[in-house]
Amino acid sequence: DAQNVVLSITLSPDFRYGSHTASAGAVCTMPQIGSTGVISCTWAGPTIPGAVRTLAVDAASFSPGTSSIQAATSSDTTDPVPQSNNVASTSVLVGNPVEAIPTLSQWSLVLLGLLVGLIGVAMVRRD
C-alpha cells in the first residue's frame, strides 16, 4: 500500500486555473481562479495496489501555441521503482480564441425586419 498519496498538476504560465475535480477522499490545494500554479491533492491513509486516484483540472489559455502541463505523484511509502515513472508531461495545442457572435431575440429580429422594410419604402418613395 502507498501511504498518503499526492497527485499534483503544474500549469505552465500560459494557463489560468478554473476548477478541478478529484476522486473521493482528496484534500486539495489550488491557486486562485484565474491564476497559474500547482493543483495538489492528497489522499490520506493507504492506497492499495491497483487503486485509481484522479485529478481533472479545467484551465484556460489565451496564448495560441503549444504549452506544457506536468503531473507528478508521490507518497510517504518508498517507491521500489525509480522516480522517473512518477512524473509525466504533455503538450497542449491552444488555438486562437473564438469570439462569441452576438444574437438577436425573436422580437429584435421582428423590429429589425420592420426597420429594413420602412427604409426600403422610404427609398422607393424618394425615387
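Quick note: structure is the one above.
Residues numbered from 1 in each chain as written. Predicted model: local features only at pLDDT ≥ 70, side-chain atom pairs only at ≥ 80, totals over all residues. Heavy atoms only, no water.

Draft legend 1. Main features of the sheet that holds strand S3 (residues 26-29). Pairing within the open sheet is antiparallel, and its 5 strands lie in the order S3-S4-S1-S6-S7. At either end of the open sheet lies a strand with only one pairing partner, and these are S3 and strand S7 (87-94). Going from strand to strand, the sheet's axes swing by 20° on average, the running direction of each strand aside. As paired strands, strand S1 (residues 2-10) and strand S4 (residues 38-47) are joined by 8 bridges and run antiparallel to one another. The partner of Ser-8 across the bridge, within S4, is Ser-40. (Pairing = 2+ DSSP bridges. Helix = DSSP H or I, 4+ residues; strand = E, 2+ residues; numbered from the N terminus. Axes fitted to C-alpha atoms, helices over the stretch in contact; angles between N-to-C directions.)

Draft legend 2. Main features of the state of the cysteines. Per the counting criterion, the structure on display carries 1 disulfide. There is a disulfide in this structure between Cys-28 and Cys-41, and the S-S distance comes to 2.0 Å. In this structure the cystine formed by Cys-28 and Cys-41 twists about its S-S bond by roughly 110°; its chirality is therefore right-handed. Of the two residues, Cys-28 is situated in strand S3 and Cys-41 in strand S4; the sequence distance between them amounts to 13 residues. Take Cys-28: its relative accessible area is 22%, and that puts it in the partly exposed class. Look at Cys-41 and you get buried, because its relative accessible area is 0%. (Disulfide = S-S within 2.5 Å. Buried < 20%, exposed > 50% of the residue type's maximum accessible area, 1.4 Å probe, protein only.)

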